[in-house]
Structure formats: C-alpha cells, structure tokens
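Each chain is listed here by its residues.
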Amino acid sequence: MLRYADILYQYEDFSSLQSDPSVKIHGALMHNISKDIADKMHSSLYHPFSLYCVPTQPGELLLRISSLNDEAGILIDKLASLKKIKIYGGSKIVQTNVSESHPIQSEDLAESINGDKLRLKFLTPATVRSAGRYQNPPTPEKYFYSAICKLNCFENLSVSNEEFIKAWNECRIINYSLESCVHYITGYKYYGMCGSYSVKLPEKREQSDLLKQIFQYSVYSGVGGKTTQGMGGFVVTVF
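Values in this document were obtained by computation on a predicted structure and should not be read as measured data. (Residues numbered from 1 in each chain as written. Predicted model: local features only at pLDDT ≥ 70, side-chain atom pairs only at ≥ 80, totals over all residues. Heavy atoms only, no water.)

## Examining the packing of aromatic side chains
Here is the rule we go by: Classification of ring pairs rests on two measures: the distance between centres of Phe, Tyr or Trp rings, Trp counted by its six-membered ring, which must be within 6.5 Å, and the angle between planes, read as stacked under 30 degrees, edge-to-face over 60 and tilted in between. Think of it this way: any DSSP run of H or I at least four residues long counts as a helix, any run of E at least two long counts as a strand, and we number them from the N terminus. To sort residues, take the accessible area from a 1.4 Å probe on protein chains only and compare it with the maximum for the residue type: under 20% means buried, over 50% means exposed, and anything in between is partly exposed.
What the rule picks out here adds up to 15 aromatic pairs. For the ring pair F144 and F164, a centre distance of 5.7 Å and an interplane angle of 55 degrees mean the geometry is tilted. Of this pair, F144 sits in the loop between β8 (133-135) and α4 (145-155) while F164 is found in helix α5 (residues 161-169), placing the two residues 20 residues apart along the sequence. Residue classification places F144 among the buried residues on the basis of a relative accessible area of 0%.

## Considering the pairing of strand β9 (residues 172-185)
This is how it is decided: By definition, two strands form a pair when at least two bridges between them are found by DSSP.
With 13 bridges joining them, β9 and strand β10 (residues 188-200) adopt antiparallel strand pairing. In the strand pairing of β10, V182 is matched with Y191. Hairpin connection between β9 and β10: a loop of two residues separates the two successive antiparallel strands, and T186 in this loop has a positive phi of roughly 50 degrees.

## Some words on the packing of α5 against helix α6 (residues 205-221)
Definition in use: The angle between two axes is taken between their N-to-C directions and runs from 0 to 180 degrees, where each axis is a line fitted to C-alpha atoms and a helix contributes only its stretch in contact. Oblique is the label for any angle not covered by the other classes, which are roughly parallel (under 35 degrees), roughly antiparallel (over 145) and roughly perpendicular (65 to 115). The contact criterion used is simple: two residues touch if any of their non-hydrogen atoms lie within 4.5 Å. The classification used treats Ala, Val, Leu, Ile, Met, Phe, Trp, Tyr, Cys and Pro as nonpolar, Asp, Glu, Lys and Arg as charged, and all other residues, Gly among them, as polar.
Relative orientation of the contacting elements α5 and α6 amounts to 110 degrees, with a least axis distance of 9 Å. When the axes of α5 and α6 are compared, the pair comes out roughly perpendicular. For the pair formed by α5 and α6, the contact residues are E163, F164, K166, A167 and W168 on the first element and Q207, L210, L211, I214 and F215 on the second. Broken down by class, the residue content of the contact of α5 with α6 amounts to seven nonpolar, one polar and two charged.

## Things to note about the environment of R64
Selection rule: In protein, a polar contact means a hydrogen-donor-capable atom and an acceptor-capable atom, both N or O and within 3.5 Å, with residues adjacent in sequence counting only if both atoms are side-chain atoms; elsewhere, any N or O pair within 3.5 Å suffices.
Here R64 is to be found in strand β3 (residues 60-67). Residue R64 is classed as buried on the basis of its relative accessible area, which comes to 12%. Within the local environment of R64, its side chain forms a polar contact with the side chain of D6, the two groups lying 2.7 Å apart.

## So, the sheet that holds strand β1 (residues 3-10)
Taken in spatial order, the five strands make up an open sheet running β2-β3-β1-β5-β4, and their pairing is antiparallel. Looking at strand neighbours, the two that pair on one side only are β2 (49-57) and β4 (84-86), the edges of this open sheet. Within the sheet, the average angular offset between the axes of one strand and its neighbour, ignoring direction, is 30 degrees. Taken together, the six bridges between β1 and strand β5 (residues 92-100) define a ladder with antiparallel strand orientation. The residue bridging L8 from the neighbouring strand is N97, located in β5. The strands that helix α3 (residues 73-81) touches are β1, β2, β3, β4 and β5; relative to β1, the one it contacts most, it runs at about 25 degrees. The sheet strands contacting α6 are β1, β2 and β3, and the helix crosses β3 at an angle near 115 degrees.

## Points about the pattern of salt bridges
Cut-off, in case you're wondering: Any carboxyl oxygen of Asp or Glu that lies within 4 Å of a side-chain nitrogen of Lys or Arg is treated as forming a salt bridge with it.
The tally for this structure, following the rule as stated, stands at nine salt bridges. A salt bridge links K166 to E163, with the shortest nitrogen-to-oxygen separation between them at 3.5 Å. Pair noted here: K166 and E163 are both in helix α5, with a separation of three residues, about one helical turn. Through salt bridges that share partners, R3, D77 and E100 make up one connected network.

## What to know about the packing of α4 against α6
One way to put it is that α4 packs onto α6 with a least axis distance of 9 Å and a crossing angle of 85 degrees. Regarding the angle of α4 to α6, the classification is roughly perpendicular. Together, A147, I148, K150, L151, F154 and E155 of α4 and Q213, I214, Y217, S218 and S221 of α6 make up the contact between the two elements. When grouped by side-chain class, the residues that make up the contact of α4 with α6 number six nonpolar, three polar and two charged.

## Considering α5
The cut-off we apply is this: Directions are taken from the helix axis to each C-beta atom, and the arc is the one they span.
Residues of α5 that are buried: N161, F164, A167 and W168. Looking down the long axis of α5, one finds its buried residues gathered within 120 degrees of arc, a one-sided arrangement. In α5, the exposed residues that point more than 90 degrees away from the buried face are E162 and N169. For α5, the secondary structure elements touched by its buried residues are β6 (117-126), α4, β10 and α6.

As structure tokens, then:
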C-alpha cells in the first residue's frame, strides 16, 4: 500500500542551516527509530520512502513523507508522533497539523486521475545522475526513470521505461515553465530542475493509463535522485 502524510511545522529561524530543512528532519527521524529499522530503510538500492519540504508562509513549512511499502509506513507514524523536533543549527520546529492520505494500491493509481490534461509540478529540485555526476537537464521525462525502477522493485512489476518514453512522446505539450534551482544537503550544493509542465495525454488508452500510473506513483516515490533528502518532490493535477 502507498501512503503519505502532510505535516505542518512552525519554526523561528533557519538562517544558519547548511542543509534544506528536509535533510535535518530526515536525520531527526532516523535518530528516533531503531538502528535496525533505519538500516533496513537504507539497505536496498531503492529506498521505500521519500520526503520533502515546501514553504507555506513565513515561519511555516509543509513536509510530505511517503511510504512505498507497508514496512516504511512506520516512518510516517513515527514522524507524525513527534510534536517537536530539535534541528541542529536551528531552532526547534513545532508540529501544528497532520493530514494523512487514504492508502492506495498501485493497480488503482491510473484510475485515481480523472482527466487527460495534466499539470506535472516539480515542487523541489529534481536531479538525475549521469556519467557519475548529478545533473538537471530541462527534459522532464528523464526524471521518471527512478520512479519506474521503484515501481518495479516494490510492486513486483515490469514496467518498461522504453514504453513510457514512447507514450510520453505521444503527449501534446500545452505549456511549461522550468528553471534551475539549488538544493543543499549537508553543505553540498545540488542543482535541480523545478517548475511545471502541462500535457494532454495520448489518445491510446494503454499509453494514457501507463503515464497516469507512473505520474501518480511519482507523487509517492518522488522523481530523480536524493528523494529521501528533500529532492524530487512531485505532484500531478488535472485541469
């Protein structure tokens, strides 16, 4: 089952942080679970959770944490139970609200999108690794490869990236607004792609459903790399 929780926090000062707040909250979360569980969450090639932060208003941020399997659901439960978190290099953050999604099965993802005009929103910097380094090309389709790999890994499927690209190329581009952004992880600077990309889905039902499934799965998995450290936050909406 796929789940996510949106957690609202208030804070006083992040000016001295050398990392995105999501990195600090990730560290605090790992500190508050057993070492065995923490190791298990990071032991495989693909991690069964993602998290990212977005600002809402001054002194307030929203964190979304998602689980890609039932085992990782413990991370959502634990983080939701932490009413205050001490951030190293900053003040305490205080939880003010928690809102959880309804769990969903992967086979129901495509049907959860009712429409053929979609806006793909890259909320936090998305990055892909190529030739041994992280890059941020303005080609949105490349960032979904990691989501496809996680979908196949955790749902025991065999979705083809080649078929995804074929379906992507059949989309009609409506408009887009993409830019390069910076994300800090423990003092290191990562460049990522942010923005929105609006498309009309292909006429073929099979291709349309494939894209819907992958886009909606990406809401939980994130897109690109470093998705447990605040990068690749993604949502899809119908318009």
